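In case you want the letters, here they are:
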There are 6 protein chains.
Amino acid sequence: MVIKRVVFPGRFQPFHKGHLYVVKKLLEEYDEVVIVIGSAQEGFTCANPFTASERFEMIHKALEYEGIKRERYWIVPVPDLNKPLAWTSYVISMVPHVEAVASGNPHVLYLFEWFGLKTIEVDLIFPEKYCGTRIRELMCRGDEWRKYVPEPVSKYIDEIGGVERVRRLCHDKRY
Amino acid sequence: MVIKRVVFPGRFQPFHKGHLYVVKKLLEEYDEVVIVIGSAQEGFTCANPFTASERFEMIHKALEYEGIKRERYWIVPVPDLNKPLAWTSYVISMVPHVEAVASGNPHVLYLFEWFGLKTIEVDLIFPEKYCGTRIRELMCRGDEWRKYVPEPVSKYIDEIGGVERVRRLCHDKRY
Amino acid sequence: MVIKRVVFPGRFQPFHKGHLYVVKKLLEEYDEVVIVIGSAQEGFTCANPFTASERFEMIHKALEYEGIKRERYWIVPVPDLNKPLAWTSYVISMVPHVEAVASGNPHVLYLFEWFGLKTIEVDLIFPEKYCGTRIRELMCRGDEWRKYVPEPVSKYIDEIGGVERVRRLCHDKRY
Amino acid sequence: MVIKRVVFPGRFQPFHKGHLYVVKKLLEEYDEVVIVIGSAQEGFTCANPFTASERFEMIHKALEYEGIKRERYWIVPVPDLNKPLAWTSYVISMVPHVEAVASGNPHVLYLFEWFGLKTIEVDLIFPEKYCGTRIRELMCRGDEWRKYVPEPVSKYIDEIGGVERVRRLCHDKRY
Amino acid sequence: MVIKRVVFPGRFQPFHKGHLYVVKKLLEEYDEVVIVIGSAQEGFTCANPFTASERFEMIHKALEYEGIKRERYWIVPVPDLNKPLAWTSYVISMVPHVEAVASGNPHVLYLFEWFGLKTIEVDLIFPEKYCGTRIRELMCRGDEWRKYVPEPVSKYIDEIGGVERVRRLCHDKRY
Amino acid sequence: MVIKRVVFPGRFQPFHKGHLYVVKKLLEEYDEVVIVIGSAQEGFTCANPFTASERFEMIHKALEYEGIKRERYWIVPVPDLNKPLAWTSYVISMVPHVEAVASGNPHVLYLFEWFGLKTIEVDLIFPEKYCGTRIRELMCRGDEWRKYVPEPVSKYIDEIGGVERVRRLCHDKRY
């Protein structure tokens, strides 16, 4: 019996409820989701405040809290190649066999269509609300951001001093 | 409660019984093992015939067959940086928090000692027998290699035509 | 009307009569051949004595001498990625649209089969004679090498002091 | 007899009438122009919507339509190094021997002056009109862009759905 | 007797009085300062107009003018890795043994804290005045910039035509 | 008054008396020598056991012991690019202005000749004795190696456990 898998790449800065919704939706159709943490080499910058290690833990904690068993997903950090076309085969060569890629990002969808893999354009729920950039801005301004991320993610961000980190890194926007 | 994790890097060309033995040993002491597939960008060469995708599946099948639950391990492919000292923080930044690194390779042990992570020199069982290079040579010569790898690994290698692949790739040693 | 093209990658250190034979054969079936100069970043080493610039000129001179018009081929230097799987889409994204890849190298054939492009295993004529490594060894030893390469190639190699270069670079095999 | 060649690097997103004008001007002085497609690794992003493969075809079709024979030019895609000073020798080592570089870009002119190659500052015709960035903006807004590119280029862009692609990729400016 | 060293990374575009002040302060506490020229691969762009070679000379001339002996500092250019976490061990592996890192940049401070090196948050004097970005803007606008840099630096910038360079490179902000 | 500088690249695994002899010879002709530590990213492998940090200290200690003042030299670690032709401008862009390059390595001499810099082929004294590879082999075999390196270098190697390190790393030649 062949396992039906789908790959879902994202930066997850941080992993929010929109991401969680996509994972759940994909698990209705597929046996397993391979969550690819993109830009895995990044961390401690304004746009990418969290390391791949931290994002790995956020995702794991959020899915565990939701009762999603580890049998249903893999988490695979993939560093940037800065060669978008080559990145397609790079990703596919490093994850277990997948049948499709799911994304809300037209860049990613075009790339994998070019590569020849089945693409699934995911319905993002309230993309203007569940959006990493916006959540980081709310953190900077001291506004309410916790409700946009799964509970274990906000708890973890607190533990690692994430809000203070985002504020300091984004104060001078160059980093 | 903090999860005690250890990282175990290797090339796993292929994943053999010596590797399996190390994973089991580490699971006696640690809650989870993070199996890092090194040289993840490689594949279809004499020294690295299997892609990271294939090695990922080999490891998963072998551990499943042994009854090791997914709650006990992660599989993380990491491409080479070709910058050994920088590779230390590269790896650590992409895996969930670990307390130690386990390896039988002095290069890896020296690197992480330099980095400041606890290192565990693993006892390899019969390293002259359970050795990727030797197993690939046995494949080339048409000798018995199956007994050195877990059963699901030999089955998977047969499914993907692995023996024929190794022979063709190693016929001309340049690749 | 769609142009039927095939890509033919090689290192061409130097471009020899075996390569020329392949190009001619491919032109019987295809409108155009895209000659990819691999390891294009290399030069002035024992294994890769000639720069991509020099190899570009060798190929052009050889084909011109044979009366093969420029309408029938392109020459595209491609630097190594050191990521074999990613290299497939890297190459394909940088050459005009091709229908197939031709090679005598099992590594290249496996890679593009994996990628999903039609592969053509080329019949090398006398591969033990028409072989870059062997031709460079003949140069080192002061033996007859000229008859294995097209006339304009041997002339060009003489112009750039190629034999002396190979000897000096290979004297100390480390480079 | 030595062939007089000049190298003309650009991103060609897309190849427009300003570029064509430069190529024609250079062919008045030089035997051959080596058109270097810069940022060759890019594609399917807002700033670099077209792959090097597509840009290769655009340039070829445009020059063919103008009656410029292939004997007069080469097209060489060169991926970014992200090391501007090293990029100078990188480019020169991968193209056939050139006597000069032509550009309208001060960054490129400074680099090759530093490297020691003869530089030609090209007169751009109506740089505010014939400008890749502006042409892509016109595409996004649904304004008239076709008159700024050679006819075969606009036809090719239509064939590959280029306008729709630019719109979707630039809708969310992050890509 | 162990030499007490501190590493001070910066881009130094150009080396200004704020940088000089930090070096002097650090020399009150440490035997030697290792000045790391970051983004060493850059040059001839609007944001990074000066090559590492030029920045090396600026720093040396400024310190010599101040009477700081060479026994008190090293200058080490380090190219970007574009992998911030890996960059920490990369830098440390290439400089003589240091006890701490000094920086005014929160990104750098977070990175080395993560790595486990002692970090010193330096007091920048008048950071809004002594700021590379601002000094380059003053150059562009033709305003007074010389008083913000040590005298030998402004002299050197004049010698290499630095003001004209910054103006031309920043005229079109893309570079 | 212009400072006359020469660049002297090497791997210095370890820095031996042959290297020291070259530095002294060059200082007879030049005001300053820029000692470039090549393959600076390497360390803890059989062929490159010492980190750039350690090689930096070796060189400094050896020159200090010889009474060569810091005013006469710079030490600049440069990581490999794996792009030999591009490496030429890479190196030159990161060191203070030099008039020539000195080397005993034909690969390096050819590269910089191609680049257009004055090259000096250095007379190695007893290259079969003063040779990094051979010195590391002597360490492996437990033979006398100390007399081939400056006294402070052998002392430093002892301090860092260098002999034991070379033995363990070279026991399994793969690393």
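Preceding this paragraph is the structure being described.
This one's a predicted model, so the numbers in the text were calculated from it and none came from an experiment.

Okay, the relation of the copies chain F and chain B next. Superposition of chain F onto chain B requires a rotation of 120° combined with a translation of 0.0 Å along the rotation axis, giving an RMSD of 0.0 Å. The operation mapping one copy onto its partner corresponds to a three-fold rotation axis. In terms of proximity to the rotation axis, the leading residue of chain F is asparagine 82 of chain F, whose C-alpha is 5.7 Å off the axis.

It is worth spelling out the packing of helix 2 (residues 52-65) of chain C against helix 6 (residues 151-159) of chain C at this point. Relative placement of two packed helices is described by the angle separating their axes and the distance separating the axes. Residue and element names in this part refer to chain C. Running from N to C, helix 2 and helix 6 point in directions that differ by 145°, and their axes come no closer than 8 Å. Regarding helix 2 and helix 6, the two cross each other, and that crossing is right-handed. On helix 6, the residues that touch Glu57, Met58, Lys61, Ala62 and Tyr65 of helix 2 are Glu151, Pro152, Val153 and Tyr156. Of the residues assigned to the contact of helix 2 with helix 6, the class counts are 6 nonpolar, no polar and 3 charged.

Structural alignment of chain B on chain A gives an RMSD of 0.0 Å, achieved by rotating through 180° and translating 0.0 Å along the axis. The operation mapping one copy onto its partner corresponds to a two-fold rotation axis. The fraction of interface residues of chain B whose copies in chain A are also interface residues reaches 100%, indicating that both copies meet through the same surface.

This part takes up helix 5 (residues 132-141) of chain D. All names here are of chain D. Here helix 5 has its buried residues at Gly132, Ile135, Arg136 and Met139. Along the axis of helix 5, the buried positions cluster into a sector of 100°, meaning they face one direction only. Turned more than 90 degrees away from the buried face of helix 5 sit Thr133 and Arg141, all of them exposed. Contacts made by the buried residues of helix 5 are with helix 7 (162-171). Once helix 5 ends, the next one or two residues include glycine 142, with phi positive near 80°.

Time to look at the sheet that holds strand 4 (residues 100-103) of chain B. Strand pairing in a sheet is mediated by backbone hydrogen bonds. Such pairs are either parallel or antiparallel. Residues and elements named next belong to chain B. Pairing is parallel in the open sheet, where 5 strands are placed in the order 3-2-1-4-5. Since the sheet does not close on itself, it has two edges, and those belong to strand 3 (73-77) and strand 5 (118-121), each with one partner. Strand-to-strand twist in this sheet, taken as the mean axis angle between neighbours without regard to direction, amounts to 25°. Where strand 2 (residues 32-37) meets strand 3, 5 bridges bridge the pair, whose relative direction is parallel.

Once that is clear, we can look at the interface of chain F and chain B. Contacts between chain F and chain B engage 11 residues on the former and 10 residues on the latter. When the residues that make up the side of chain F that touches chain B are grouped by side-chain class, the tally is 4 nonpolar, 4 polar and 3 charged.

For the rest of this paragraph, the subject is the interface of chain B and chain A. Between chain B and chain A, the contact holds 18 residues from the first and 18 residues from the second. Secondary structure elements with two or more residues in the side of chain B that touches chain A: helix 2 (52-65) and strand 3 of chain B. The class makeup of the residues in the side of chain B that touches chain A is 9 nonpolar, 6 polar and 3 charged.

Turning to the pairing of strand 4 (residues 100-103) of chain C, a few remarks are in order. Residues and elements named next belong to chain C. The sheet contact formed by strand 1 (residues 5-10) and strand 4 spans 2 bridges and is parallel. Residue pairing across strands places valine 7 opposite valine 101, the latter belonging to strand 4. Looking at chain direction, strand 4 and strand 5 (residues 118-121) are connected through 4 bridges and run parallel. Its bridge partner lying in strand 5, alanine 100 is registered against lysine 118.

The next point concerns unusual backbone geometry. Across the junction of glutamine 13 of chain B and proline 14 of chain B, the peptide omega takes the value -5°, indicating a cis bond. Relative to the elements of secondary structure, proline 14 of chain B occurs in the loop between strand 1 (5-10) and helix 1 (17-29). Not every positive phi belongs to a glycine, and serine 39 of chain A is a case in point at roughly 45°. Within the secondary structure, serine 39 of chain A is located in the loop between strand 2 (32-37) and helix 2 (52-65). Backbone geometry at phenylalanine 44 of chain B places phi at a positive 60°, although glycine is not the residue there. Taking the number of C-beta atoms within 10 Å as the measure of exposure, phenylalanine 44 of chain B has 25 and is therefore buried.

About the cut-offs
Residues numbered from 1 in each chain as written. Chains lettered and ligands numbered in written order. Predicted model: local features only at pLDDT ≥ 70, side-chain atom pairs only at ≥ 80, totals over all residues. Least-squares fit on C-alpha atoms with pLDDT ≥ 70 in both. Axes fitted to C-alpha atoms, helices over the stretch in contact; angles between N-to-C directions. Helix = DSSP H or I, 4+ residues; strand = E, 2+ residues; numbered from the N terminus. Left-handed = near helix turned anticlockwise from the far one by under 90°. Contact = placed C-beta atoms within 7 Å. Nonpolar A, V, L, I, M, F, W, Y, C, P; charged D, E, K, R; others polar. Buried ≥ 20, exposed ≤ 12 C-beta atoms within 10 Å, placed from the backbone. Arc of directions from axis to C-beta. Pairing = 2+ DSSP bridges.

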